[in-house]
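Fold and geometry: a report
Chain by chain, the residues run as shown.
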Amino acid sequence: MVEQSCTITTVASKLVSATAAGAGRSSTSMSNSLPYSKKDVDYDNAKFRHRSFSKVITQSFLTSNRKRDCFSCSTGKFLLLLLIFGVAYLMLTHTSPGDVVSKDQTIGNRNSEGISITNGAGRLKKLWRRAPRLPPRLPPDAKGTNNGIGHATENRDARSMWITRKQKVKDAFIHAWSGYKKYAMGHDELMPLSHHGTDGLGGLGATVVDALDTAMIMGIDEVVAEAGTWIEENLSDRISKKGQVNLFETTIRVLGGLLSAYHLSGGEKGMNITHAGPKPAVYLETAKNLADRLLSAFTASPTAIPFSDVILHDSSGHAAPGGLSSTAEVSTLQLEFNYLSSVSGDQKYSLAAMKVMDHIKTLSKTEGLVPIYISPHSGQFSGENYRLGSRGDSYYEYLLKVWLQSGASRDSNTSYLYDMYKEAMNGVRHLLVRKTIPNGLVFIGELPYGLNGDFSPKMDHLVCFLSGTLALGATKGLTREQAMKNNMLNFEDLENMKLAEDLAKTCFEMYAVTSTGLAPEIAYFHTEEYSEQDLDGGNKSSEYVNDIIIKPADRHNLLRPETVESLFVLYRITEDPKYREWGWQIFEAFEKYTKVDTGGYCSLDDVTSIPPHKRDKMETFFLGETLKYLYLLFADSSLIPLDKFVFNTEAHPIPIKLKS
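Residues numbered from 1 in each chain as written. Predicted model: local features only at pLDDT ≥ 70, side-chain atom pairs only at ≥ 80, totals over all residues. Heavy atoms only, no water.

Focus: the state of the cysteines
The final tally for this structure, using the stated rule, is one disulfide. Residue Cys464 pairs covalently with Cys507 via a disulfide, S to S 2.0 Å. Measuring handedness by torsion sign, the sulfur bridge of Cys464 and Cys507 sits at about -100° and is left-handed. Linking Cys464 in the loop between strand 13 (458-460) and helix 18 (465-475) with Cys507 in helix 20 (residues 491-512), this pair joins segments that are 43 residues apart in sequence. (Disulfide = S-S within 2.5 Å. Helix = DSSP H or I, 4+ residues; strand = E, 2+ residues; numbered from the N terminus.)

What follows is the structure, given as structure tokens:
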């Protein structure tokens, strides 16, 4: 009996040792061979699941050399049966943590006949059934909640809303085009109230070309076909016969529109987002015909600065009355001429345009800022009027964008333009940025008489382009999050981003402060040095009604795009939905006060009065820029991405990284 008891004791001891050794081998094997943690193996890997204590006992006992001794002893048999029944009892009565459920949960597994199996019978079945593999469990703080489901639903609803709003903008474009097509097809602009067309831009059908790539982006093939067919049948003939045109306006609207249409229709392995209209080569050949004549503005000038006007039919360049050219105009030709050289293989276009920038680089500046006039006769700046509004604005825009167009490399031959841009933005922050009272709106003022003259708290609506340009310059077209992850943003970039967002706020409030919700052409701002009474925007509920001053001569609205342009860029870069909401409010105001029932949209004489008096004019840029930027603001960010395209100053997208 003693010998038999010792035998059982020895067996039990060996069983315990075997259990420990088995567990140890399992742990060592896992740590050396699997890229999982021990926790992962515990619940997710069936091949390496830990053996249960009962399985260890059973296998070890059955393989022991002493099993015959034990079975030959009656006491051993009794103790073995007792051990087996004890283990069975523990397994039947034990409830694992995974079996614990809340009061609100229902436990009930149904067999193939639909009968509920519960309690002891269920436990007995579990005893013989292999445990199922469990899915990985999230830690308690990462588990999904009903809030997550609600958030997903909210995101779906938001996406649906912006798709609907994008369609509203598309409908507005179709309405604008329908009026133009009905009453002014082939003319530069529509007079929507009198149902006529007007040719204030040289008679090249500017609205047709300006609107074409907007229709392509929106996927309106019918309009693409109509505009493209008109260009194919009429534009080259007009170019050869028409008289005087402005170099700048013709380049940004007509040449830029043709080149963008060339790329978007598949030219030079472009996007090919439309199959309507003529072949891409039609747009390219027409662009070359026009550019060849525009080059006379460069060749006729005695300096690198081109004359402002061209007579198309005899390809002759002429200076403007007074002899001066606008600084913005001579420095806002380069994106278009560079791209034309890239796709045509003829460098004459790029060489002529880039000589302007090379020359301006050598001229004296005031903290990077330049006067708004320059002489093509002397090649020197004229006057000391520093501003970022009319005649100055797009000079600063193209410093950045021409560099981006070339690939945004510090080693490129255009890197000096980026250096000039950075110096100029430092000058803007130092010399032109001010805040209003009482509420601290940030605005960009003017120095009409130079550094030694008085500061003017005047800001054209045109200046609102700067917000988007600053943001674009900071992240180079990437989102702010991407730029931060890539360690691209230095202190100066962050300062420019802050100014971009502050300025966008001011530009939006120029809309919100008026009775119509539409901005004036020019605003003045209340500062410690400047104030005027009874010249607010009319919306007395606006928080900023005492910050913004709108003079009677400045209260008109021309359907301008600069604010929605910056809202589009800022939304793409910051991903902040408030910019979309602001854009939608502006669009609704356009719909309410400028839509003409018979087709088209009109300008307004006074945004501070209701109902506003209407002007009989629909600018080409309403279709070419304003509606395009609103559509892109509400569209997915993958449509015309900012790290793949630069928009010329008339919103025509041109691809980045030119072919040399």
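Considering the pattern of salt bridges
For side chains of opposite charge, pairing can occur when their charged atoms come near one another. The final tally for this structure, using the stated rule, is 24 salt bridges. Its salt-bridge partner being Arg253, residue Glu249 comes within 2.9 Å of it at the nearest N-O pair. Separated by four residues within a single helix, Glu249 and Arg253 lie in helix 10 (residues 247-264), roughly one turn from each other. Classification of Glu249 by relative accessible area gives partly exposed; the value is 22%. One salt bridge connects Glu285 with Lys288, and the closest N-O pair in it is separated by 3.7 Å. With a gap of three residues between them, Glu285 and Lys288 both fall in helix 11 (residues 280-294), about one helical turn apart. Residue classification places Glu285 among the partly exposed positions, given a relative accessible area of 46%. Through salt bridges with shared partners, one network takes in Glu189, Lys617 and Glu619. (Salt bridge = Lys/Arg side-chain N within 4 Å of Asp/Glu carboxyl O. Buried < 20%, exposed > 50% of the residue type's maximum accessible area, 1.4 Å probe, protein only.)

Considering the side chain of Asp547
Looking at the secondary structure, you find Asp547 in the loop between strand 14 (522-525) and strand 15 (548-549). In terms of polar contacts, Asp547 uses its side chain to reach the side chain of Thr436, at 2.6 Å. Dropping the residues within four chain positions of it, Asp547 is found in contact with Thr436, Ile437, Pro438, Asn439, Gly440, Leu441, Tyr524, Phe525 and His526. (Polar contact = N/O pair within 3.5 Å; in protein donor to acceptor, adjacent residues only side chain to side chain. Contact = heavy atoms within 4.5 Å.)

Notes on the sheet that holds strand 13
Taking strand neighbours across the sheet as the criterion, the three strands line up as 13-14-15 in an open arrangement whose pairing is antiparallel. Each of the sheet's edge strands pairs with one partner strand only, and the pair in question is strand 13 and strand 15. Relative to strand 14, strand 13 runs antiparallel, the two sharing three bridges. Its bridge partner lying in strand 14, Lys458 is registered against Tyr524. Seen against the sheet, helix 20 touches strand 13, strand 14 and strand 15 and runs at an angle of roughly 80° to strand 13. (Pairing = 2+ DSSP bridges. Axes fitted to C-alpha atoms, helices over the stretch in contact; angles between N-to-C directions.)

Some details on the UniProt feature "active site" (unreviewed entry) in the chain
On the UniProt side, "active site" (unreviewed entry) is annotated at positions that read Glu249, Asp393, Glu521 and Glu562 here. Position of Asp393 among the secondary structure elements: in helix 16 (residues 393-405). Residue classification places Asp393 among the buried positions, given a relative accessible area of 14%. Ignoring any residue separated from it by four or fewer positions in sequence, one finds Asp393 in contact with Ala328, Leu388, Leu462 and Phe465. By the secondary structure assignment, Glu521 is in the loop between helix 20 and strand 14. Non-local contacts of Glu521, meaning those with residues more than four positions away in its chain, are made with Asp460, His461, Asp554, His556, Leu558 and Arg560. (UniProt positions renumbered as here; feature names shortened; annotations may be inferred.)

Here's the deal with the sheet that holds strand 10 (residues 381-382)
The strand order 8-9-10 describes an open sheet built from three strands, whose pairing is antiparallel. Looking at strand neighbours, the two that pair on one side only are strand 8 (325-326) and strand 10, the edges of this open sheet. One ladder, built from two bridges, connects strand 9 (residues 373-374) with strand 10; its direction is antiparallel. Looking across to strand 10, one finds that Tyr373 is bridged to Ser382.

Quick word on the packing of helix 16 against helix 17 (residues 415-432)
Remark: helix 16 packs on helix 17, axes separated minimally by 8 Å, with the N-to-C direction vectors making an angle of 140°. One way to sum up the angle between helix 16 and helix 17 is to call them oblique. The chirality of how helix 16 crosses helix 17 is left-handed. On the side of helix 16, the interface is formed by Tyr395, Tyr396, Leu399, Leu400, Val402 and Trp403, while helix 17 contributes Ser415, Leu417, Tyr418, Met420, Tyr421, Ala424 and Met425. Grouping the amino acids of the contact of helix 16 with helix 17 by side-chain chemistry returns 12 nonpolar, one polar and no charged. (Parallel < 35°, antiparallel > 145°, perpendicular 65-115°, else oblique. Left-handed = near helix turned anticlockwise from the far one by under 90°. Nonpolar A, V, L, I, M, F, W, Y, C, P; charged D, E, K, R; others polar.)

Points about empty space enclosed by the protein
Within this structure, the stated rule accounts for four cavities of 30 Å³ or more. Taken as a whole, the largest cavity spans an internal volume of roughly 90 Å³. Around the largest cavity sit Lys401, Phe465, Gly468, Thr469, Leu472, Glu565, Val569, Tyr629, Leu642, Phe645, Val646 and Phe647, which together line it. Elements with a contribution of two residues or more to the lining of the largest cavity: helix 18, helix 21 (562-574) and strand 18 (645-647). Looking at the lining of the largest cavity element by element, the count peaks at four residues for helix 18. (1 Å grid on protein atoms, 1.4 Å probe; cavity = no way out; pocket = protein on both sides within 12 Å on 5 of 7 lines; lining within 4 Å. Points joined across faces, edges and corners; volume = space filled by probe spheres on them.)

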